[in-house]
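Observations on the model geometry
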Amino acid sequence: MLVLIGRMLFAAIFIGSGLQHITRGGVMSQHAAARGVPAPILMVRLAGAVVLIGGISILLGAYARIGAALLVLFLIPTAIVMHNYWTLSDPVAKANDQAHFFKDLALAGSALLIWFFGSGPFSLVQ
């Protein structure tokens, strides 16, 4: 039961974030454009779809390894491009981006564990 609860907690951030990226892509794309992301509206919505699919697959335990791989492929570039704290001079902005950078790396590490070990009990499809 703890594995299912862990999957639910882990998936929640991606499902919520994915929905935000899809429904509020226009607003979020302004931030992406400021960070130099090409085709920001498209990329934000695409990222939303990737994290939504990854989150749902992990939540359900249906092809969770593929979902975890999608999340890793999203999280690592996002950490580097969107949270490049080492380029900032404002200490508050730098601290904020540094926290988000390491949060993304920690989430990527968790996704790698799911990728390696699978989704565990109470999964729809291994």
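Structure report, in brief. Keep in mind that this is a model prediction, so the values were computed, not measured.

Quick notes on the overall build of the protein
Looking only at helices and strands, one finds 5 helices and 0 strands in the protein. Ordered by position in the sequence, the α and β elements of the protein form the string α-α-α-α-α. In summary, the protein has a C-alpha radius of gyration of 15 Å against a globular reference of 14 Å for 126 residues, a match within 12%. Considering only C-alpha atoms, the protein reaches an extent of 45 × 25 × 20 Å along its principal axes. Burial statistics for the protein: of 126 residues in total, 36% are counted as buried. Accessible surface, the protein as shown: approximately 7,100 Å² in total, 76% of it carbon and sulfur.

Some points on the side chain of Asp97
In this fold, Asp97 is placed in helix 5 (residues 91-117). Given the relative accessible area of 5%, Asp97 is considered buried.

Structural notes on the nonpolar core
Core analysis: the largest hydrophobic core is formed by 15 residues, its most contacted members being Phe10, Phe14, Ile58, Leu71, Leu75, Ala111 and Ile114. Listed by contribution, the elements that provide at least two residues to this core are helix 1 (2-23), helix 3 (40-60), helix 4 (64-82) and helix 5. Take this core: its biggest share by element is 6 residues, from helix 4. Every residue in contact with Ile58, bar those within four places of it in the chain, is listed here: Arg7, Phe10, Ala64, Gly67, Ala68, Leu71 and Ile114.

Remarks on helix 5
For helix 5, spanning 27 residues, the distance from its first C-alpha to its last is 39 Å, which sits close to the expected 39 Å at 1.5 Å a residue. Turning to helix 5, its buried residues number three or more, namely Asp97, Phe101, Asp104, Leu107, Ala108, Ala111 and Ile114. The inward-facing, buried residues of helix 5 abut helix 1, helix 3 and helix 4.

What to know about the pattern of salt bridges
Summed over the entire model, instances satisfying the criterion amount to 2 salt bridges. The partner of Arg35 in a salt bridge is Asp97, with the nearest N and O atoms 2.7 Å apart. Here Arg35 is found in the loop between helix 2 (25-34) and helix 3, whereas its partner Asp97 is found in helix 5, with 62 residues between them in sequence. Between Asp104 and Lys103 there is a salt bridge whose closest N-O contact spans 2.8 Å. Look at Lys103 and you get partly exposed, because its relative accessible area is 32%.

Thoughts on the packing of helix 3 against helix 4
Packing of helix 3 against helix 4 leaves a shortest axis separation of 8 Å and a crossing angle of 145°. The way helix 3 lies across helix 4 gives a crossing that is left-handed. Within the contact between the two elements, helix 3 uses Ala47, Val50, Val51, Ile53, Gly54, Gly55, Ser57 and Ile58 and helix 4 uses Ala64, Gly67, Ala68, Leu70, Leu71 and Phe74. Looking at the contact of helix 3 with helix 4, its residues break down into 10 nonpolar, 4 polar and no charged.

Some points on a nonpolar patch on the surface
A contiguous nonpolar patch, built from Ile56, Leu60, Tyr63, Ile66, Leu124 and Val125 and spanning about 560 Å² of accessible area, is present on the exposed surface. Mapped onto the fold, Ile66 is located in helix 4.

Things to note about the environment of Ala49
When you line up the elements, Ala49 lands in helix 3. Residue classification places Ala49 among the partly exposed positions, given a relative accessible area of 28%.

Cut-offs and rules
Residues numbered from 1 in each chain as written. Predicted model: local features only at pLDDT ≥ 70, side-chain atom pairs only at ≥ 80, totals over all residues. Heavy atoms only, no water. Helix = DSSP H or I, 4+ residues; strand = E, 2+ residues; numbered from the N terminus. Rg over C-alpha atoms; globule rule 2.2 N^0.38 Å. Buried < 20%, exposed > 50% of the residue type's maximum accessible area, 1.4 Å probe, protein only. Areas by Shrake-Rupley, 256 points an atom, 1.4 Å probe, with all protein chains shown as cover. Core = buried A, V, L, I, M, F, W, Y, C linked by side-chain atoms within 4.5 Å. Contact = heavy atoms within 4.5 Å. Expected span 1.5 Å × (residues − 1). Salt bridge = Lys/Arg side-chain N within 4 Å of Asp/Glu carboxyl O. Axes fitted to C-alpha atoms, helices over the stretch in contact; angles between N-to-C directions. Left-handed = near helix turned anticlockwise from the far one by under 90°. Nonpolar A, V, L, I, M, F, W, Y, C, P; charged D, E, K, R; others polar. Patch = residues over 30% accessible without salt bridge, like charges linked within 9 Å, V, L, I, M, F, W, Y side chains within 5 Å.

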